[in-house]
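# Residue-level structure breakdown
Here are the chains, one letter per residue:
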Amino acid sequence: MVSPLRMSLLGLIIISSMVAGATPPDLSTEAQSIEKFDGSWIDPYVKDARIVLIGEEVHGIAEHIKVKGELARRLIDHHGFTHIALEDDRYKVEALSQMLETDEDPETTFARSQLFWCWAVKELADAISFCRNSPNEWTLTGFDVQTPMFALDNLRTNATTQDQNTQTNLLFKIFSIGQDTFDLEDAKIAFESAEKAFANSPFIENEFVHLRRVAEVWAKSQDHGSRMNARDAGMAETIEDILNNDPEARIIIFAHNAHAGYTNYYESFTGGVVPLGKHVADRFQDKTLSIGLVFTTGSILLDPRRREVTGTTTEKMDQLTPDSQAATWNTITQDRWLIIPQQILAQNPSIEIKQFLEAPPPGHFNNYGPAANLAESYDLIVGYKNVLPATPLTK
């Protein structure tokens, strides 16, 4: 049975296609249909990659998370990947991973996890459960550097002396001031004193590394471009820590397209923001694979970040404009598809397709969709004809 939401989406697609204006370039002949939902289509492209970045045009879309789970299981089972890394706080995800070892119901565990809303959803719980059934061992981790409190809680738990308690309380006080008045120099002085107090407790060394990265982000809260640059740099450093500590480690990254790509985003800021994908590609040359995820009807159809007080997802329905990125994706007729931008360009496509891949219209979320140059941003782009919002497990 087709759900009312899918019917409304399909109806909107038909209506939108009749909007007068410029005809978007037809990508239907360039797209390869993905028929199997077991992730096997990725096999020819993995090669010796140590990092596979799997983006998403909009957070909180069920299909994005489902394909992440399929790809992750394939990479773990057949390509020796050892980590799934979420765009969320390292210590929140670490606590979730520990709970998953003892809890029987993954959905209940995810609901208790305090993950960001876009990850505390049934579809991700299902995807992680699917991957946990793999015969191969792997680790669930986080890499975002926006949240200090979970690392601070670890310090407090491990404080055994009066000096350690005093220094931990000072760090709590500094971070509790808030991002708008955060002083990086005060934090650095406090870090030095706290690290001296914990000098004989090397097992909490990573907490201080994480807090320093959070501090770099918070100290730039008045300048959004600088703050996002510090965030992506800190996220990349966290990924590098894992790879540098274990030569055999191979990481699957679940993030937004903006972070997963290779080219700068937020171009409205001077120079834009250097994404996580660019940082790790420079550091681990020829060892990365970046996959952008979109849906052909465009992110204007669903805005899961607009949440009602009940915790349900609010739909946002607008018409497709003929010259939009969404209108071009909408020319693809397959239900699930793959395009390889560089391969298409090498085959001398039409001027319109070449222009779209090299300089597409802005995404709905101010370049938070696929980055400016699709051919330079992602090795692969995967999309769907219709999508639904993910199912929240928390309000």
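Residues numbered from 1 in each chain as written. Predicted model: local features only at pLDDT ≥ 70, side-chain atom pairs only at ≥ 80, totals over all residues. Heavy atoms only, no water.

## A closer look at the overall build of the protein chain
The test is simple: Helix numbers and strand numbers start at the N terminus; a helix is a DSSP run of H or I with at least 4 residues, a strand a run of E with at least 2. Burial classes: relative accessible area under 20% of the type maximum marks a residue as buried, over 50% as exposed, and values in between as partly exposed (1.4 Å probe, protein chains only). It only takes one pair of heavy atoms within 4.5 Å for two residues to be counted as in contact.
Helix and strand content of the protein chain: 17 helices and 10 strands. Buried residues in the protein chain amount to 56% of all 395 residues. Considering only intrachain contacts with a sequence separation of at least 6, the fraction spanning at least 24 residues in the protein chain is 78%.

## Quick look at the sheet that holds strand E1 (residues 32-33)
As a reminder of what qualifies: When DSSP locates at least two bridges between a pair of strands, those strands are taken to pair.
Read from one edge to the other, the open sheet built from eight strands follows the order E1-E9-E10-E6-E2-E5-E3-E4, with strand pairing classed as mixed. Only two strands of the sheet have a single neighbouring strand rather than two, namely E1 and strand E4 (139-144).

## Description of the packing of aromatic side chains
Selection criterion: Stacked, tilted and edge-to-face are the three classes applied to pairs of Phe, Tyr and Trp rings, where Trp contributes its six-membered ring and a pair requires centres within 6.5 Å; stacked means planes under 30 degrees apart, edge-to-face means over 60, and tilted covers the rest. The rule is short: NZ of Lys or CZ of Arg within 6 Å of the ring centre and within 35 degrees of the ring normal puts a charge over the ring.
Applying the stated criterion across every chain yields a total of seven aromatic pairs. Ring plane angle 45° and centroid distance 6.2 Å describe the contact between Phe175 and Phe191, whose orientation is recorded as tilted. Pair noted here: Phe175 is in helix H8 (residues 162-176) and Phe191 is in helix H9 (residues 184-197), with a separation of 16 residues, a long-range link. Phe191 matches Phe175 in its accessibility class, with the two residues each being buried. For the ring pair Trp329 and Phe356, a centre distance of 5.2 Å and an interplane angle of 85° mean the geometry is edge-to-face. You can see Trp329 sitting in helix H14 (residues 325-329) and its partner Phe356 sitting in helix H16 (residues 351-358), a full 27 residues away along the chain. For the residue pair Trp329 and Phe356, the accessibility class agrees, reading buried in each case. Aromatic rings pair up to connect Phe175, Phe182, Phe191 and Trp218 into one cluster. Above the plane of the ring of Phe284 lies Arg283, whose end atom (NZ or CZ) is 4.7 Å from the centre.

## Some details on the side chain of His210
Filter applied, for reference: Pairing of N or O atoms within 3.5 Å defines a polar contact, subject to two protein rules: one partner must be a possible hydrogen donor and the other a possible acceptor, and residues neighboring in sequence count only if both atoms are side-chain atoms.
Within the element layout of this structure, His210 appears in helix H10 (residues 205-218). Within the structure, the side chain of His210 is placed 3.0 Å from the backbone oxygen of Thr147, a separation counted as a polar contact. The contact partners of His210, leaving out residues within four places of it in the chain, are Asp89, Arg90, Tyr91, Asp144, Val145, Thr147 and Ala151.

## Some thoughts on the confidence of the model for the protein chain
This is how the line gets drawn: Per residue, pLDDT measures the predictor's confidence, with a range of 0 to 100.
Mean pLDDT over the protein chain works out to 85, with 85% of the residues at or above the 70 mark. Every residue in residues 1-20 is under pLDDT 50, and counting partners more than four places away or in other chains gives 31 contacts. Contacts from residues 365-369, a stretch scored under 50 in pLDDT, to residues over four places away or in other chains number 22 contacts.

## Topic: empty space enclosed by the protein
Heads up, the condition is: Method remark: on a 1 Å grid restricted to protein atoms, a set of points is classed as a cavity if a 1.4 Å probe fits but cannot get out and as a pocket if it is open with protein on both sides within 12 Å along at least five of seven lines; lining residues have an atom within 4 Å of a point. Grid points are joined across faces, edges and corners, and a volume is the space filled by probe spheres set on the points. Each residue gets one of three labels, nonpolar for Ala, Val, Leu, Ile, Met, Phe, Trp, Tyr, Cys and Pro, charged for Asp, Glu, Lys and Arg, and polar for the others, Gly among them.
One pass over the structure, following the stated rule, counts one cavity of 30 Å³ or more. Looking at the largest cavity, its volume works out to about 40 Å³. Forming the walls of the largest cavity are Arg90, Asn206, Val209, His210, Arg213, Thr238 and Asp241. Residue contributions to the lining of the largest cavity peak at four residues, all from H10. Considering only residue class, the lining of the largest cavity consists of one nonpolar, three polar and three charged.

## Some points on the nonpolar core
As a reminder of what qualifies: As used here, the term nonpolar core means buried Ala, Val, Leu, Ile, Met, Phe, Trp, Tyr and Cys residues forming a set that is joined through side-chain atoms within 4.5 Å.
Within the largest apolar cluster, 47 residues are counted, with the highest numbers of intra-cluster contacts made by Ile84, Leu124, Leu140, Ile252, Phe254 and Ile291. Element by element, the count of residues in this core is highest for helix H3 (residues 62-79), at six residues. In contact with Phe254, other than residues within four places in its own chain, are Ile54, Lys68, Gly69, Ala72, Ile84, Ala85, Leu86, Glu87, Trp119, Leu124 and Phe143.

## Here's the deal with the packing of helix H4 (residues 90-102) against helix H7 (residues 149-158)
We apply this condition: In this analysis an axis means a line fitted to C-alpha atoms, helices contributing only their contacting stretch, and an angle means the value between N-to-C directions, from 0 to 180 degrees. In this scheme, roughly parallel covers angles under 35 degrees and roughly antiparallel covers those over 145, while 65 to 115 is roughly perpendicular and the rest are oblique.
The N-to-C vectors of H4 and H7 enclose an angle of 70°; their axes lie 7 Å apart at closest approach. If you check the angle between H4 and H7, you find them roughly perpendicular. Counted together, Tyr91, Lys92 and Glu94 of H4 and Phe150, Ala151 and Asn154 of H7 form the full contact between these two elements. Taken together, the residues of the contact of H4 with H7 break down into three nonpolar, one polar and two charged.

## So, the environment of Glu56
With respect to the helices and strands, Glu56 occurs in the loop between strand E2 (51-54) and H3. By relative accessible area, which is 0% here, Glu56 ends up buried. C-alpha of Glu56 to C-alpha of Ala255: the two residues are 199 residues apart in sequence and 6.7 Å apart in space. Not counting chain neighbours up to four residues away, the residues in contact with Glu56 comprise His64, Lys68, Trp119, Ala255, His256, Asn257 and Leu293.

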